[in-house]
Amino acid sequence: MRTTRTVPARPVPARPVPARPVLFTALALSTAGSLLLAPQPAVAKPGPPVHREAALDRHAALTPASAAQRALAGAGEATGPIADDSRGYPRRRVLTPDPENPADKSIKLGLTPYHAIAPKLNTLQALGDRVSVEVAGRSAGGHRLYLVTVTAPESARQSRAQARMRELIEDAPALAAKSPGLRKTYKTPVFLNNNIHGNEWEGTDASLKLIEKLATADDGRTRDLLSHSRLYFNITANPDGRIAGTRANANGFDMNRDFVTASQPEVRAMRKIMVDKQPAVMLDLHGYVNGTLIEPTTPPHGENYEYDLFLKNTYANALGMESAVNGLGYTPAEDGVEPAQIPFRDQAEGWDDWPPVFTPQYAAFHGTVAAHTVEIPLAVNNEEYDTLPVPELRRRSAINVDVAGAALRATLDFVRSRRASLLADQIEVFRRGAAGAAQVPVSPQTVPGVPGIGPEDVYTTTFPRAYVLPAAGTTTARLVDHLLANDVRVTRAAHPFRLAGTTYPRGSYVIDMHQPKRGLANALLADGRDISDKVSVMYDISGWSLGRLWGASVGTLPGVPYGVLLPVRAAAPVSYVAPRGDLRLRLDDPAEVAALNSLLRKGVRARGAADGSAIVPGSARKQAAEAARTYNVAFRTTKLTGTTPLHRTRVAAAVTPGELFALREMNFEVTPVSTDLLNAGFDWSSVDVLFASTDLDHTGLTREARTALDAFLAGHGLVGRGVTGAALGSATGLLAAKPVEGNGDANGVVRVRNSAGALMSGAPDHGFVYAPVWFTDLGPKVRVEQSYATGNPLVSGHWRPAQDGSGGPADAAGRASVISGPRAVLFGTEPLFRDHPKGEFAQVGRALFSVAQATGSR
C-alpha cells in the first residue's frame, strides 16, 4: 500500500509527482451512473466501490421479453469478419434514416439524437474519400450499431495486404517483428468507443465532430495520420440507453460489466471489432468525474496482462490527454471544471483494472497496448438531467463534448508520433504469448518514465503449459465456443493420449497456452486469486473463473500431446437422443433446463427423478429430438420412471436484470413484478411460483396487495435470493431462518459443499457471491441444501471482514448458503449474477420446478 501523506484536495496541472500519494479522493455513488470525486483527508478510509450492483439494482427489472429473445438468438448480429478484406476503402453505404423520435433524451442536452445519426453519417461519407460506414450489428432493442472507419483510400489489393500484415502480427509475431515492410506500410488500428453507458452521451458528439474534421482536413499531420492509421469509431455502443437516458441497454445490462460473458449483442459486436481490427490503441469515453479522470488505474492490476507494455503506453497517452484537457482553459471558478487526474499517479486505490469486464481491460488481451477509460467532467444525467435548467444542461454538455474532443485529438497525436513503438509493443505482446515467455514485472527500470511504480503495482501470474477440457457435454461445448469467439485457440484430440500418468479420452479439448492471446485464455479459465489482502476496496467484481462457474471440467497439462491435436473452429455438437426407451435429461446446464421447458410447453408429460434429472417418455422422442437440436443437449436412455410430474412453470419475478435475463435464457415464462406493480393490482392466477430477490417489500405492500400475495403463497411457493427473499419467506411464514449479511463489498468465487438430493445433485462445488448472505437459526422443517466450505471459502476475489470485524469469510465458513422448506428455497449466493455463473443457473431452475411440484402448480 502507498505511504500515507498529506496531499492537495484537488490535483493541479503543474504539481510535482510524489512517489505515489495516498488515496485523496473517495469514489462515491451519488446516483447510479453519476460519479463524483469528493475531497477526503489522507487518513480517511476509502469508500465503497463506485458502481455496486446492489445500488444499480434497487428496482426489479421490467425489461421486455423481446430484448432478451433478440440477445439470445443473436438476431441482427454481423456475420463473418467486420473487416471485408476483399474490398478497399472507402466503403460507402447509404443508411436509411430512422423515424424521428422527439422523446430521445439526447435532445434536451442539445446533443445528437439517435435518429439523426444515420443522416449525419450519410453526409460525412459524401464529404470525400476518407469516411466509410458499416453496420456492426444491432442492439438488444433492435437499433443499428454504426462502425465508422476513417483512413486514407485503399485499393482492394492494399486492403488485402493490410489483412495479411494484421494476421502476421498475431500468427507469427516473431516474423512480424523483423519485417521492414510491415513497419513501413502497416496502418496502426485505433478503436474509439463511445456511449457504452447510454446516459453518458457526449463521446458520440465529440466523435462525429472529429470525423467531420478528419474527412476534409488537408494539413500534413492529418494526411500523415490517415496514411499510417485506420481509425475505427463505434459511434454509439448503446443506442437503447442513449434514447432512453439509461445507463443500461434494453435488457437492463451495464455492458461495461459484460465482457467476460458477452451476453449482450452490443458487447459481442464490440468484441468482434476488437478481434477483427486488432487495435493497438483504444479510448472508451464515459462520464462523469470532475476533474476528468484518465486511465491508467490504481492497483490491483490485471495479473494476466503484459502490464509493462500496457502501463508504458497508457501512461504516456494519459499525460497527453491531461495536457490537452487542461489546455482548454476551463477553470473551477468560472466553469466548475476541475483539472484532469490520472488514478495511477493521483490515487492509491479504488479504481482498478483487475477484472476484464471493462472495455479497455478486455481490449488489452487483443493486443491493445494503450487503453483508457476517460470520464468527462460535468454530470448531466440522472438527478441533474431531471432538475437542472436546460441552459445549464446544455452548457455542461458543450463543455463535455469539448473535453471528450480534446482527449480524442490528443490520442490521435499520440498514435501519429508513437506509431512504430506502439506496433512493436503490440507484436511483443503476441510474441510473448506464442513463445511462452515470462511476463516482465513493472519497475522503474522496466517502465522508465512512469513515476511512482512500487511493489504494490506488481501483478503477474504463472501460466500453465496447457488447459484440458476432457469431458464432452453441453457445458464443455458452450465453453469451447466461448473461447473461440474470444479468439482463443482450441484444439481437439483425434486419439486418446496420456500425460503425467493420466489418460485423456479422444475428443478432449486442449488449449495450448503458447498462443498469442494466452492472457485472455488464462483470464477466462484460471481460478484467479484471493486479493483481499492487497487493497481495501475494489471497483467491481474480483473473481470470475469460467472454469469454476460454468460447470465444465477444466484441468491443466504439464505438456502438449503433439501429433494428436487438431485445431477446431467450433465445438463438436453434443445433441443426441437415444433410439429406444424412455429418455433422461440431466438438468445441470441452463440449456438443459431450456430444453425441458420447451417440452413442457408442448404438453410432454415429463417427470422429475430423485437425482434432479427429468425423465421424458419414449413416446415424445420426436419432440425430444427437436429440443436436442435446438439446445444442443443429450437425451440418454434410462430405466428410471421418475417420481414427480413436472409441469409448465410460469414465474412471477421481482429480480435484477441479470436474473431476469437468465430466467428467460432457461426458457421460463416470466412475468416481471415489483412492489409498485403488486400495489397496482396483479393477477396471480397467471403464474405458478414467485422468485424474489429485489424490490418486493412485504411491509411496503397495500393491504389488498399483501392479502393477494399471502393467498398466492399459501397455495404456491417461493424461490428467494438474499435478504429480500429471506424477509419475504419469513414475513409469509414459508421458511424460518435468519439471513446474515456478509461484508457488502465482498465478491468472488467461493467453495461450497452440496447436500445430497434433487436440488443440488451434480451442482458445481464452487459458487459466486456478491455481498454474500448465509442463514442461521433454522426452523425445524428447514433443510440445508448447500453450505459455504469450511476454512476460508473464498477461492478468488475480494472478501474482508467489515470494519467491526464481522461479515468476513471466516464467519461464513460452514454456514448454510442455500436452504429449502416444503414450499420455499432461499439462496445466499448469486447463482444468476449478470447472466454469468452458468453452472449455477440450473440450481434456480430445479428450485422453481421443485416448489411448483410441491404445491401442485400447473
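Attention here is on the structure that accompanies the text. (Residues numbered from 1 in each chain as written. Predicted model: local features only at pLDDT ≥ 70, side-chain atom pairs only at ≥ 80, totals over all residues. Heavy atoms only, no water.)

## So, the sheet that holds strand β16 (residues 509–512)
Working step 1: If you trace the 5 strands from one edge of the open sheet to the other, you get β17-β12-β16-β13-β18, paired in antiparallel fashion. The outermost strands of the open sheet, each flanked by one partner alone, are β17 (555–557) and β18 (565–567). Averaged over all neighbouring strand pairs, the angle between strand axes comes to 35 degrees, with direction disregarded.
Working step 2: One ladder, built from 3 bridges, connects strand β12 (residues 466–469) with β17; its direction is antiparallel. Following the sheet pairing, Tyr-467 is matched in β17 by Thr-556. (Pairing = 2+ DSSP bridges. Helix = DSSP H or I, 4+ residues; strand = E, 2+ residues; numbered from the N terminus. Axes fitted to C-alpha atoms, helices over the stretch in contact; angles between N-to-C directions.)

## Some words on helix α2 (residues 65–73)
Working step 1: Regarding α2, the residues found buried are Ala-67, Ala-68 and Ala-71. All buried residues of α2 lie within an arc of 95 degrees about the axis, which places them on one face of the element. When the buried face of α2 is taken as reference, the exposed residues oriented beyond 90 degrees from it are Gln-69 and Ala-73.
Working step 2: In the segment just after α2, Gly-74 is the residue with positive phi, at about 70 degrees. (Buried < 20%, exposed > 50% of the residue type's maximum accessible area, 1.4 Å probe, protein only. Arc of directions from axis to C-beta.)

## Section: the pairing of strand β33 (residues 783–788)
Working step 1: Judged from the 3 bridges that link them, strand β30 (residues 747–754) and β33 form a sheet pairing that is antiparallel. Note on β33: the bridge partner recorded for Arg-753 is Ser-787.
Working step 2: With 4 bridges joining them, β33 and strand β35 (residues 816–821) adopt antiparallel strand pairing. Residue pairing in the sheet places Ser-787 in a bridge with Ala-816 of β35.

## A look at the pattern of salt bridges
Working step 1: Throughout the structure, instances matching the rule amount to 46 salt bridges.
Working step 2: Lys-187 is the partner of Glu-154 in a salt bridge, and the nearest nitrogen-oxygen pair spans 2.9 Å. Residue Glu-154 is found in the loop between β4 (144–150) and α4 (156–171), and its partner Lys-187 is found in the loop between α6 (180–185) and β5 (188–194); the two are separated by 33 residues along the sequence.
Working step 3: Given a relative accessible area of 7%, Glu-154 falls into the buried group.
Working step 4: Residue Lys-187 is classed as buried on the basis of its relative accessible area of 6%.
Working step 5: Its salt-bridge partner being Arg-601, residue Glu-669 comes within 3.7 Å of it at the nearest N-O pair. (Salt bridge = Lys/Arg side-chain N within 4 Å of Asp/Glu carboxyl O.)

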